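Okay, here's what each chain looks like letter by letter:
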Amino acid sequence: MIAASAQTAKHYDAIYSGVPLLDDGGRAVSAHGACILKENGKYYLFGERHSDTSNAFAGFNCYSSADLYNWKFEKIALPVQPSGRLGPNRVGERVKVMKSPKTGEFVMFMHTDTLGYTDPVIGYATSKSVTGPYVFRGAILFNGSPIKRWDMGSFQDDDGKGYLLIHEGDIYRLSDEYTRIEEQVLANMSSGCESPAVFKKGSTYYWLSSHKTSWERNDNEYYTASSLKGPWKAGGNFAPAGTLTWNSQTTFVLPVIGASDTTFMFMGDRWSYPKQESAATYVWQPLVVNGSVLSIPAFQEAWTIDLKTGKPASSVVPGKEIPASDANRVGYTGAWRPVSSLPEQRSSDEEGARCTVAFTGSRIAWYGQSTADGGYARVTIQKNGRLVLSSLVDMYCKNPNTSLRFISPVLPKDSYTLAIEVAGEHGNWSDKRKSMYGSTGNRVSVERFVVSDK
Ligand code: DGJ
């Protein structure tokens, strides 16, 4: 289920991680395995367009934004092809786009595959305009042969040279047109890794990547070097161990360059198979880059970035708190129980059980605990019995944590009712080796709400 009605164009005032992000039409932004490109003062987000019913390639979406908070759906930049590597019932992942300084053309790279991940090949597509439509050109060749690998990323160096990053720690240098590969500059640097991303600060290159656990999150690691050719030095985890990279998998690092600072924005995916369209979210956090030490020491549930200066600032979800235990404000139907170790929380795994909060204001946020047996929650906001928006929230996390689960866009100030309903379903999946991953139950928990009128 996705949001039902369009909101005002500017409805977010900060970057919120791990919660549904709605576009200008009120629909969940569907752009995973993403990258962001800046062109003519605007940011363009490219990512995997998903459905909730199949993992088949559904196209790559393109969104635009002037502030990195509010995203406008532009178009399907590369649609499903009639046949071939990105035809029906194929896989297309981890789209990355760079502009060739030589030709001015936009070149899109991606992982193409069968639904069973048995035919991985890196492909490319080109377009004269940033939003597309892109023309799929097939496999990108190195010495006449395709690169038969899967997770990939891209990196554009200060001198305009473009590079393809491949899982296990391979790097290829592209021709100046970005349409051929000229040289392999690194091989097998970080064996066992997926989801590579590289950025550069000063004269140091940083390589970030995950371990191989399918769509499950793990503690991602980084390496540093003064040349892409290496030697690369392992730096360990860049988020505290056990947070599973703040419950996400690396996809890209966006340098936001201002007059006095550059913020390197980590972009990660919080996957939610099979509801990848509705319930998978984004974890975008400012990286702390201190010499050769890289970290995201604390999770910022809300943060802002001054695009003029390039400075990030931590923010808070503003408003008045309503505890889940406030019987005057919070209503429950169905079986909700206090959580033994967290008496202020209520949780339920009964399909259809509902928790409702009537509020007057312009925004509401919900905090709750994600657990290994967390399931999907259907969130709706109604006004006078009319649906204003709806969203699906995944309450699963291998390691339990209580944090922001949902924040509404800014709505016209009015009286609304927020409802959270236990969907009675949960995310889980198996990988190529048939190992099972994901949640074991349908639990939804509520700890508190925050209502604001601005
Ligand atoms: C891990 C990769 O990082 C993802 O992009 C995706 O391909 C999943 N594997 C599929 O299991």
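Treat the numbers as computed from the prediction; the structure is a model and nothing was measured.

Time to look at the side chain of histidine 111. Looking at the secondary structure, you find histidine 111 in strand 7 (residues 106-114). Those residues in contact with histidine 111, other than ones at most four positions away along the chain, are Val91, Gly92, Glu93, Tyr117, Pro120, Val121, Ile122, Arg149, Trp150, Asp151 and Met152.

A word on the side chain of serine 347. By the secondary structure assignment, serine 347 is in strand 30 (residues 342-348). Serine 347 gets classed as buried once you look at its relative accessible area, which sits at 5%. Looking at serine 347, its side chain comes within polar contact range of the side chain of arginine 443, at 3.0 Å. When near neighbours in sequence (up to four residues on either side) are disregarded, serine 347 contacts Ala335, Trp336, Arg337, Val339, Arg443, Val444 and Ser445.

Attention now moves to the packing of aromatic side chains. Aromatic ring pairs are described here by two measures, namely the spacing of the ring centres and the angle between the planes. Across all of its chains, the model carries 20 aromatic pairs by this definition. Aromatic side chains phenylalanine 142 and tyrosine 172 sit 5.4 Å apart centroid to centroid with 65° between the ring planes, which places their arrangement in the edge-to-face category. Here the residue phenylalanine 142 occupies a position in strand 10 (residues 141-142), and tyrosine 172 occupies one in strand 14 (residues 170-174), the gap between them amounting to 30 residues. For phenylalanine 142, a relative accessible area of 17% puts it in the buried group. Exposure remark for tyrosine 172: the relative accessible area of 7% places this residue in the buried category. Between tryptophan 215 and tryptophan 429, the aromatic rings sit 6.3 Å apart at their centres with planes inclined by 70°, giving edge-to-face as the arrangement. With tryptophan 215 in the loop between strand 17 (204-211) and strand 18 (221-225) and tryptophan 429 in strand 37 (residues 428-430), this pair connects stretches of sequence that are 214 residues apart. In this structure, tryptophan 215 and tryptophan 429 share a single accessibility class: buried. Through pairs of rings, three or more aromatic residues link up here, namely Trp215, Trp271, Tyr273, Trp429 and Tyr437. One residue, lysine 432, lies across the ring of tryptophan 150, its end atom 3.9 Å from the ring centre.

Before going further, it helps to spend a moment on the sheet that holds strand 40 (residues 448-452). Pairing is antiparallel in the open sheet, where four strands are placed in the order 27-40-32-35. The open sheet terminates on both sides in strands that have one partner only, identified here as strand 27 (320-323) and strand 35 (401-407). Pairs of neighbouring strands in the sheet enclose a mean axial angle of 25°, with direction left out of account.

Okay, the site of the ligand next. Inspection of the region around the ligand gives Glu93, Arg94, Tyr117, Asp151, Glu194, Ser214, Trp215 and Gln249 as its neighbouring residues. Take arginine 94: an N or O atom from its side chain is 2.9 Å from an oxygen atom of the ligand. The separation between an oxygen atom of the ligand and a polar side-chain atom of glutamine 249 is 2.9 Å. Summarising the interface, the protein chains cover 91% of the accessible area of the ligand, which totals 290 Å² for the free molecule. When the residues that make up the shell around the ligand are grouped by side-chain class, the tally is two nonpolar, two polar and four charged.

A few words now on the nonpolar core. With 79 residues, the main nonpolar core has Phe46, Met108, Trp366 and Phe449 as its most contacted residues. If we skip the residues at most four places from it in the chain, methionine 108 touches Phe46, Phe60, Ala77, Leu78, Val95, Lys96, Val97, Gly123, Tyr124, Ala125 and Tyr134. One finds Ala197, Phe199, Ala239 and Trp246 within the second-largest nonpolar core, a separate group that totals 16 residues.

For the rest of this paragraph, the subject is the environment of glycine 41. On the secondary structure map, glycine 41 appears in the loop between strand 2 (32-39) and strand 3 (42-48). Under the relative-accessibility criterion, glycine 41 is labelled exposed at 53%. Sequence-wise, glycine 41 and alanine 66 are 25 residues apart; in three dimensions their C-alpha atoms are separated by 7.4 Å.

Each value, and the rule that gives it
Residues numbered from 1 in each chain as written. Predicted model: local features only at pLDDT ≥ 70, side-chain atom pairs only at ≥ 80, totals over all residues. Heavy atoms only, no water. Helix = DSSP H or I, 4+ residues; strand = E, 2+ residues; numbered from the N terminus. Contact = heavy atoms within 4.5 Å. Buried < 20%, exposed > 50% of the residue type's maximum accessible area, 1.4 Å probe, protein only. Polar contact = N/O pair within 3.5 Å; in protein donor to acceptor, adjacent residues only side chain to side chain. Phe/Tyr/Trp six-rings, centres within 6.5 Å; stacked < 30°, edge-to-face > 60°. Lys NZ or Arg CZ within 6 Å of the ring centre and 35° of its normal. Pairing = 2+ DSSP bridges. Axes fitted to C-alpha atoms, helices over the stretch in contact; angles between N-to-C directions. Near = heavy atom within 4 Å. Areas by Shrake-Rupley, 256 points an atom, 1.4 Å probe, with all protein chains shown as cover. Nonpolar A, V, L, I, M, F, W, Y, C, P; charged D, E, K, R; others polar. Core = buried A, V, L, I, M, F, W, Y, C linked by side-chain atoms within 4.5 Å.

Any functional reading would require information beyond the geometric quantities listed.
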